[in-house]
Amino acid sequence: MKGGGKLTRVTMYTDGSARGNPNGPGGYGTVIEFQKSDGELLVKELSQGYVKTTNNRMELMGVIAGFEALTRPCEIQLFSDSQYVVKAFQDHWIDGWQKKGWKNASGKAVKNIDLWKRLLVAMEPHLVHWNWVKGHNGNPGNERCDVLATSAADSNDLLEDTVYENEQIIK
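Residues numbered from 1 in each chain as written. Predicted model: local features only at pLDDT ≥ 70, side-chain atom pairs only at ≥ 80, totals over all residues. Heavy atoms only, no water.

Brief notes about the pairing of strand β1 (residues 8-17)
The condition is simple: Here the term buried applies to any residue with accessible area under 20% of the maximum for its type, exposed to any over 50%, and partly exposed to those in between, with areas from a 1.4 Å probe on protein chains only. For helices the rule is a DSSP run of H or I covering at least 4 residues; for strands it is a run of E covering at least 2, with both sets numbered from the N terminus onward. We treat two strands as partners when DSSP finds at least two bridges between them.
The buried count for β1 comes to eight of ten residues, which makes it a mostly enclosed element. Where β1 meets strand β4 (residues 74-80), seven bridges bridge the pair, whose relative direction is parallel. The partner of T8 across the bridge, within β4, is C74.

Now the structure itself:
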């Protein structure tokens, strides 16, 4: 994280939904919640529906879209039901991949290198707390991510493997 001073606190929920098929159609979405200085709670939803790609790429794109939408450094509590994304940081996989030249433990090239590199750039100015909300067992964080994923997957009919164009929300 760069800079100092007081950070805006943000809660972010992200999810990708393959809609029952690991190669799509699916979508990803991000909900960002934060309080303005006057105490007003703001919620911003970003979504991209029907992306013809894998669920793991959709999970990564949801997180990237959320980070890139923030126009100043923030302290982020990120909730995701993607073990793939969260564990990469919680268990320091990402550090190992970088040290090994983007190779995994078995020496094979890490999948989705383009998105992992973009994610590292997007998160650089922020202080991120990673929360994996596993399971579909009434976990409120997981339910929030699931609601978001369904709305994102149903939001439109784009067929691009690209990340949502930035919409600046915190000025």
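Right, picking up where we left off after that structure.
So, the pattern of salt bridges
What counts is decided by this rule: Each salt bridge in this description consists of a side-chain nitrogen of Lys or Arg and a carboxyl oxygen of Asp or Glu lying within 4 Å of one another.
Under the criterion given, the structure shown has four salt bridges. Here E68 makes a salt bridge to R118, at a shortest N to O gap of 2.9 Å. Here the residue E68 occupies a position in helix α1 (residues 55-69), and R118 occupies one in helix α4 (residues 113-123), the gap between them amounting to 50 residues. Owing to a relative accessible area of 34%, R118 belongs among the partly exposed residues under this scheme. The partner of K87 in a salt bridge is D91, and the shortest N-O contact between them spans 3.5 Å. Judged by its relative accessible area of 38%, D91 is partly exposed.

Regarding unusual backbone geometry
A positive phi angle, near 65 degrees, is found at H92, a position not held by glycine. If you trace the backbone, H92 turns up in the loop between α2 (83-90) and α3 (93-99). For N112, which is not glycine, the phi torsion reads 65 degrees and is therefore positive. Position of N112 relative to the elements: it lies in the loop between α3 and α4.

A look at the confidence of the model for the protein
Heads up, the rule is: The pLDDT score gives, residue by residue, the confidence of the prediction method on a 0 to 100 scale. Here, two residues are considered to be in contact whenever any of their heavy atoms come within 4.5 Å of each other.
Mean pLDDT over the protein stands at 78; residues scoring 70 or higher make up 74%. Predicted confidence is poor over residues 157-171, with pLDDT under 50, and the contacts of this stretch with residues over four places away or in other chains come to 47 contacts.

Concerning the sheet that holds β1
The following threshold applies: All axes are obtained by fitting lines to C-alpha atoms, using only the stretch in contact for helices, and the reported angles, taken between N-to-C directions, cover 0 to 180 degrees.
Across the sheet, five strands lie side by side as β3-β2-β1-β4-β5; this open sheet has mixed pairing. The outermost strands of the open sheet, each flanked by one partner alone, are β3 (41-48) and β5 (127-132). Averaged over all adjacent pairs, the angle separating strand axes in this sheet is 15 degrees, with direction ignored. Here α2 sits on the sheet in contact with β4 and β5, set at roughly 125 degrees to β5.

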